[in-house]
Amino acid sequence: MEQKPISKAVITRLPRYYRHLGELMEEGVERISSNDLSQRMHVTASQIRQDLNNFGGFGQQGYGYNVKYLYTEIAKIMGVDRQHNLIIIGAGNLGQAIANYANFERRGFIIKGMFDINPRLIGRVVRGVEILGVENLEKFIVDHDVQIAALTIPKTKAPEIADRLVAAGIKAIWNFAHTDLVVPDDVVVENVHLSESLMRLSYRVCSMQDQKEQEKKRSNRL
Ligand code: NAI
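Residues numbered from 1 in each chain as written. Predicted model: local features only at pLDDT ≥ 70, side-chain atom pairs only at ≥ 80, totals over all residues. Heavy atoms only, no water.

1. Notes on the overall build of the chain
Within the chain one finds nine helices and ten strands. What you see for the chain is a C-alpha radius of gyration of 22 Å, clearly larger than the 17 Å of a compact globule of 222 residues, by over 25%. Principal-axis analysis of the C-alpha atoms gives the chain an extent of 65 × 55 × 35 Å. Counting over 222 residues, the chain shows a buried share of 35%. For the chain, restricting intrachain contacts to residue pairs at least 6 apart in sequence, the fraction spanning at least 24 positions comes to 57%. Taken together, the 29 basic and 26 acidic charged side chains of the chain have centroids lying 7 Å from each other. (Helix = DSSP H or I, 4+ residues; strand = E, 2+ residues; numbered from the N terminus. Rg over C-alpha atoms; globule rule 2.2 N^0.38 Å. Buried < 20%, exposed > 50% of the residue type's maximum accessible area, 1.4 Å probe, protein only. Contact = heavy atoms within 4.5 Å. Lys, Arg positive; Asp, Glu negative; His and termini not counted. Charge placed at Lys NZ, Arg CZ, Asp CG, Glu CD.)

Shown next as structure tokens:
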């Protein structure tokens with residue numbers, strides 16, 4: 001199938017399609033119309049058709065979308081149909097929480113190793129993965145064909161570790177440290193900042209409250 005370049009906005013929405021389609025498969029649903037998918041996902045049917053048309057259109061007039069086919073194709077596009085070996089740098093609260101979340105494995109992300117500098121943590125095992133000293137990083141990356149590194153260390157330490165990861169051949173950094181990393185063009189960084197997400201939530205709830213107050217004032221004046 002010929003693929004057009006896919007916009008960032010569509011890519012951002014794909015994991016949500018993937019999740020809903022996975023749930024539909026679990027419910028035994030084999031096909032679904034864009035209208036039914038639209039009701040389920042609370043987005044317009046035309047948005048769904050537009051998004052999925054990016055991939056040459058998986059739907060058929062009068063038939064809808066074949067759930068399993070669409071799920072498989074989206075998995076291929078996102079690269080979650082294959083295995084990605086992952087390591088976690090920083091085995092503190094957040095690093096251990098990620099390691100303890102079994103669902104990443106179901107998506108093909110296999111946690112191969114964890115690293116820290118704290119001697120009290122080194123040697124401990126989290127869900128079958130031993131925490132190693134950070135001096136073992138480079139060799140481990142090569143030996144275990146690691147592509148992705150999650151950075152859950154303090155922001156002051158992140159740039160130096162990122163440089164070491166890049167030099168060792170890591171191509172993707174899942175960055176939780178609150179700092180913007182500078183990496184070569186062939187290395188991708190996905191920043192995950194829960195506090196930024198909370199700030200967006202705060203903005204939305206505050207603007208909703210402001211709007212309600214303004215409406216109240218307006219109706220009192222009438
Ligand atoms: P933590 O203090 O429990 O864990 C940090 C771990 O990193 C410690 O075990 C420490 O020994 C280790 N470490 C420090 N320098 C290191 C180095 N050079 N190499 C390897 N390991 C090293 O902290 P927590 O709560 O797990 O948070 C970790 C980081 O993630 C912090 O920078 C925090 O600000 C950030 N964070 C980010 C969130 C986000 O949404 N992006 C949410 C929560 C925390």
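2. A short note on the sheet that holds strand β4 (residues 84-89)
Reading across the sheet, the seven strands line up as β6-β7-β5-β4-β8-β9-β10 and stay open at both edges, with mixed pairing between neighbours. Strand pairing shows two members of the sheet lacking a second neighbour, β6 (125-126) and β10 (188-191), which therefore form its edges. Taken together, the four bridges between β4 and strand β8 (residues 148-151) define a ladder with parallel strand orientation. In the sheet register, I87 faces β8, and the bridge partner there is A149. (Pairing = 2+ DSSP bridges.)

3. Notes on the site of the ligand
Close to the ligand lie 21 residues; L94, D116, F176, V192 and L194 are nearest. In this structure, an oxygen atom belonging to the ligand sits 2.5 Å away from a side-chain N or O atom of D116. Coverage of the ligand by the protein amounts to 76% of the 860 Å² it exposes when considered alone. Residue composition of the shell around the ligand, by class: eleven nonpolar, seven polar and three charged. (Near = heavy atom within 4 Å. Polar contact = N/O pair within 3.5 Å; in protein donor to acceptor, adjacent residues only side chain to side chain. Areas by Shrake-Rupley, 256 points an atom, 1.4 Å probe, with all protein chains shown as cover. Nonpolar A, V, L, I, M, F, W, Y, C, P; charged D, E, K, R; others polar.)

4. Details of the nonpolar core
Within the largest apolar cluster, 21 residues are counted, with the highest numbers of intra-cluster contacts made by I87, I89, F115, L137, I141, L151 and L165. The set of elements that each furnish at least two residues to this core consists of β4, α7 (137-143), β8 and α8 (158-167). Looking at this core, the element that brings in the most residues is α8, giving four residues. Apart from the residues lying within four places of it in its own chain, the contact partners of L165 are I87, I89, L137, I141, A149, L151, I170 and I173. In terms of nonpolar packing, the next biggest core, distinct from the first, is built from 17 residues, Y17, M41, Y65 and Y71 among them. (Core = buried A, V, L, I, M, F, W, Y, C linked by side-chain atoms within 4.5 Å.)

5. Quick look at the environment of K157
In this structure, K157 sits in the loop between β8 and α8. A residue is classified by how much of its surface remains accessible, and K157, at 41% relative accessible area, is partly exposed.

6. Some points on the pattern of salt bridges
Inspection of the entire model under this criterion finds ten salt bridges. The closest approach of N and O atoms between R13 and D51, which form a salt bridge, is 2.8 Å. Here D51 lies in helix α3 (residues 45-53) and R13 lies in helix α1 (residues 8-26), a separation of 38 residues in the sequence. Here R13 falls in the partly exposed class, since its relative accessible area comes to 28%. Classification of D51 as buried rests on a relative accessible area of 2%. Among the salt bridges present, the one from R40 reaches E27, with a minimum N-O distance of 2.9 Å. Highlighted residues: R40 in helix α2 (residues 34-41) and E27 in the loop between α1 and β1 (31-32), separated in sequence by 13 residues. Take R40: its relative accessible area is 25%, and that puts it in the partly exposed class. Overlapping salt bridges, with partners in common, bring together E23, E27 and R40 in one network. (Salt bridge = Lys/Arg side-chain N within 4 Å of Asp/Glu carboxyl O.)

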